Amino acid sequence: MSSTQDFNHLKSEKSLYLRQHAENPVFWRSYNEQAFKEAVSSDRPILLSIGYSSCHWCHVMAEESFQDQETADVINKHFIPIKVDREEMPDLDQYYQIICQLMNGGGGWPLNVFLTPDNKPFFCGTYFPKADQKNGPGFKTVLAQLAKAYKDDKQTVLSNAKQLLEAVKTAPKAQEKVEFEGEFPPAAAILNAVQKFADQENGGYGKAPKFPQFSFYEFAVEQILEGMIPEELATHVIKSVEQMLMGGIYDHARGGVHRYSVDEKWLVPHFEKMLYDQAGLLRVLSKLSLIYPSPLIMDAQIQTLQYLQNEMLSDTNFFFSAQDADSEGIEGLYFTFTKDEFIETSTRADEEIGEKIETILTWFKFEESGNFEKKLNVVALNPDKKEEYFKPENWELVRKIRQALLEERKKRIPPKTDNKGVASWNFMMAQALVDVVQYSKVVPIQDAASSLLKNVLEGIHKTFLSHGTKEERSNIVSNTTKQNSSLLFEDYVFFADFQLRLYEISGNPVFKQNGIETLIHVKENFFKDNVFYTRALEQESDRLFDNIPSSVFDQSYRSPLGTCIFLIRKWSLDSTELSEVLNEVHDAIEDIKHIVLQNPLGYGELLRALIYPKAAFKKISVPLAWLKDNKVQTMFPYFSSRFSVNYHDQESEKWEICNHNACELSGEGFDKFKEVFFPKQSGETSAES
């Protein structure tokens, strides 16, 4: 009878990523206690490999190493190999990403962590090439060296592991305090401080690879809307988003954004598409459209909404998690075109395109040699030609070409879609749809977002809430493929945000109650000793790895800690219990301020949470009838994100605008309320205070 170590255990897993490794000659186990017992009994270290189904470099390492029999033999002989889908266990992934950052200064995927049999990390890295290279050892060399180190120098290995474990459990602290007046530095000062990192030519901040940093741009756009950013700084923010939408990081044929750009010009992306990036994109564009309604901004919204509707929606109306970077084993093959393919496809769409094809080729930067690999071109728009193609008659040609490219792509074998549902990502996506409904002034865009939101509302609730229990919110189902997942801080925070945003556009008090009660639940179940933790405190001892402080910085998506603090500050005006919570987390917030100011570009969501002084948060109380009569909706774009809205069902048309201490303005009637935001000329009657 063979032992459990003699075969690959992943064939029965629900995760697409784990099933992708089910035929590897590596004898993978899933993450469970049995695997660790096996490591202890055989006194072999563990290879813990974390990735996800749409990750290009995960595929590369799988093909080079995990599908290679010789490499697999080394792994099977000297290690207990465990495979993890990071989308099923984000708390585990975050734990070891921090380990990797402490050890190497950075992280990413695939993440390969080497553990002692009793689960202590002693070495980690991301992608390892199969063979030795000039800049480092290949994977087989790494395996041999680590197996030898564990066998011959076990005490050093154990000592290193102990130091790492102590570091990862420690809440981050600012290296030094940043001096500023008031509660927090003004937005203009923050934008000015990061201007030294600004790429003035291509937009964005820093050098390649370039990530979208949607949380930071959302912070900046909100402050532009508030009038807090001078024009020269605001111009760079707007240019950065526009350059992204011109670049290949944006999918010009279908809509939606790829994960990141490998170059400074936003041209060549890593082609995977993640649900959370689409949420970040829509949040930024919906608000930016109020101040910069360019055709790029408007079309990107409607295209992305159509993409979500057509490609990312399950039969039971939740959103899928991701789409692959590769198709037919080649990265970007589905998305790219040769020059001849582009000409043939485009000219079929419209006779005028054929007549102007040489000019159009300069708009799209198509070259005979290609701008990618194997003479292929990533579809992008040339920023230097925008004055030409932004002309209305030319933009119609751009639209026709995009549609023609989409139709041509439909004939190809598409990248795989990971049909897993991830709770926090679905909540984020639903919030983004609310943003589009609230902020977009273009009716077809609003209608598309509203229709999609109505489609998913019930599906998301049914999929991710544990129904039939006394308190449905007490057990959010983190994903659709792994049972008994951790109770995660990010799930509860983003659910609270989802509910409160729904209340703002629906007036349904159940959503408001859900949101506020969930925030109180978060404080009671994830907060202790001035720290918010990644998973519920009740699960601290029933997992094989430590519970760690929630990340303060934006990682692949906005920081749930930032969102949590923002929601508590905003909605404490509406709830005495939340006001008490705000007092209890005050010291934690003060500590975080100085961490954020060390590198503001990495803390966009916390900037959104901290930028306003307490007195700037307002509670607006208006009649529910105004919402039902479609009156108050016209005012949504003028309500800052720091305003919480409360609907009353009194027969009167009384309204109030209050701070934490008192009501600053009040009156009767919608016209008087509207005057607050659009004051009448001198001499006309204004609202009573």
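Residues numbered from 1 in each chain as written. Predicted model: local features only at pLDDT ≥ 70, side-chain atom pairs only at ≥ 80, totals over all residues. Heavy atoms only, no water.

Draft legend 1. Fine view of the overall build of the chain. Helices and strands together make up the secondary structure of the chain, namely 27 helices and 17 strands. Relative to the 2.2 N^0.38 estimate, which gives 26 Å for 689 residues, the radius of gyration of the chain is 26 Å and therefore close to what a compact globule would have. Residues classed as buried in the chain amount to 59% of the 689 residues present. At a minimum sequence separation of 6, the contacts of the chain that also span at least 24 residues come to 70%. Surface accessibility of the chain: about 28,400 Å² in total, with carbon and sulfur atoms responsible for 48%. Positive and negative charge centroids in the chain, built from 75 and 100 side chains respectively, lie 2 Å apart. (Helix = DSSP H or I, 4+ residues; strand = E, 2+ residues; numbered from the N terminus. Rg over C-alpha atoms; globule rule 2.2 N^0.38 Å. Buried < 20%, exposed > 50% of the residue type's maximum accessible area, 1.4 Å probe, protein only. Contact = heavy atoms within 4.5 Å. Areas by Shrake-Rupley, 256 points an atom, 1.4 Å probe, with all protein chains shown as cover. Lys, Arg positive; Asp, Glu negative; His and termini not counted. Charge placed at Lys NZ, Arg CZ, Asp CG, Glu CD.)

Draft legend 2. Geometry of the nonpolar core. Core analysis: the biggest nonpolar cluster contains 162 residues, and Phe-319, Phe-364 and Phe-673 have the highest contact counts within it. Setting aside residues up to four positions removed in sequence, Phe-673 forms contacts with Ile-620, Val-622, Trp-626, Met-635, Phe-639, Trp-655 and Ile-657. Grouped together as the second largest cluster of nonpolar side chains are 26 residues, Ile-80, Ile-99, Leu-115 and Ile-548 included. (Core = buried A, V, L, I, M, F, W, Y, C linked by side-chain atoms within 4.5 Å.)

Draft legend 3. Local environment of the side chain of Asn-8. In this structure, Asn-8 sits in the segment before α1 (16–20). Residue classification places Asn-8 among the buried residues on the basis of a relative accessible area of 8%. In terms of polar contacts, Asn-8 uses its side chain to reach the backbone amide nitrogen of Leu-10, at 2.9 Å. There is a polar contact of 2.9 Å between the side chain of Asn-8 and the backbone oxygen of His-21. Once residues lying within four places of it in the same chain are set aside, the contact partners of Asn-8 are His-21, Ala-22, Glu-23, Asn-24, Val-26, Phe-27 and Trp-28. (Polar contact = N/O pair within 3.5 Å; in protein donor to acceptor, adjacent residues only side chain to side chain.)

Draft legend 4. Focus on the state of the cysteines. Going through the model one piece at a time under the given rule, you end up with 1 disulfide. Here Cys-658 connects covalently by a disulfide to Cys-663, the sulfurs 2.0 Å from one another. Sign of the S-S torsion, about 70° for the bond between Cys-658 and Cys-663, identifies this disulfide as right-handed. Between Cys-100, a cysteine without a disulfide, and Cys-124, which holds the nearest cysteine sulfur, the sulfur-to-sulfur distance is 3.8 Å. For Cys-100, a relative accessible area of 1% translates into the label buried. Residue classification places Cys-124 among the buried positions, given a relative accessible area of 1%. (Disulfide = S-S within 2.5 Å.)

Draft legend 5. Here's a closer look at the sheet that holds strand β3 (residues 111–115). Sheet architecture is open: 4 strands sit in the order β2-β1-β3-β4, paired in mixed fashion. Every interior strand has two partners, whereas the edge strands, β2 (80–85) and β4 (121–125), have only one. Between one strand and the next, the sheet's axes are offset by a mean angle of 20°, whatever the strand orientation. In this structure, strand β1 (residues 46–51) lies alongside β3, joined through 5 bridges in antiparallel fashion. Directly across from Ile-50, in β3, lies its bridge partner Leu-111. Those strands touched by helix α2 (residues 33–42) are β1, β2 and β3, and its axis lies near 160° from that of β2. Docked against the sheet, helix α6 (residues 139–152) engages β1, β3 and β4, running at close to 15° with respect to β3. (Pairing = 2+ DSSP bridges. Axes fitted to C-alpha atoms, helices over the stretch in contact; angles between N-to-C directions.)

Draft legend 6. Just the packing of helix α12 (residues 295–311) against helix α17 (residues 392–409), in detail. For the pair α12 and α17, the least separation of the axes is 12 Å and the interaxial angle reads 30°. Accordingly, the angle class assigned to the pair α12 and α17 is roughly parallel. Every pair of crossing elements has a handedness; the one defined by α12 and α17 is right-handed. Contact residues: Pro-295, Leu-296, Asp-299 and Gln-303 in α12; Trp-395, Arg-399 and Arg-402 in α17. Partitioning the contact of α12 with α17 into residue classes produces 3 nonpolar, 1 polar and 3 charged. (Parallel < 35°, antiparallel > 145°, perpendicular 65-115°, else oblique. Left-handed = near helix turned anticlockwise from the far one by under 90°. Nonpolar A, V, L, I, M, F, W, Y, C, P; charged D, E, K, R; others polar.)

Draft legend 7. Here's a closer look at the sheet that holds strand β11 (residues 417–418). Read from one edge to the other, the open sheet built from 3 strands follows the order β7-β8-β11, with strand pairing classed as antiparallel. Since the sheet does not close on itself, it has two edges, and those belong to β7 (273–274) and β11, each with one partner. Bridging between β7 and strand β8 (residues 322–323) involves 2 bridges; their strand directions are antiparallel. By the bridge assignment for β8, Met-274 is matched with Ala-322.

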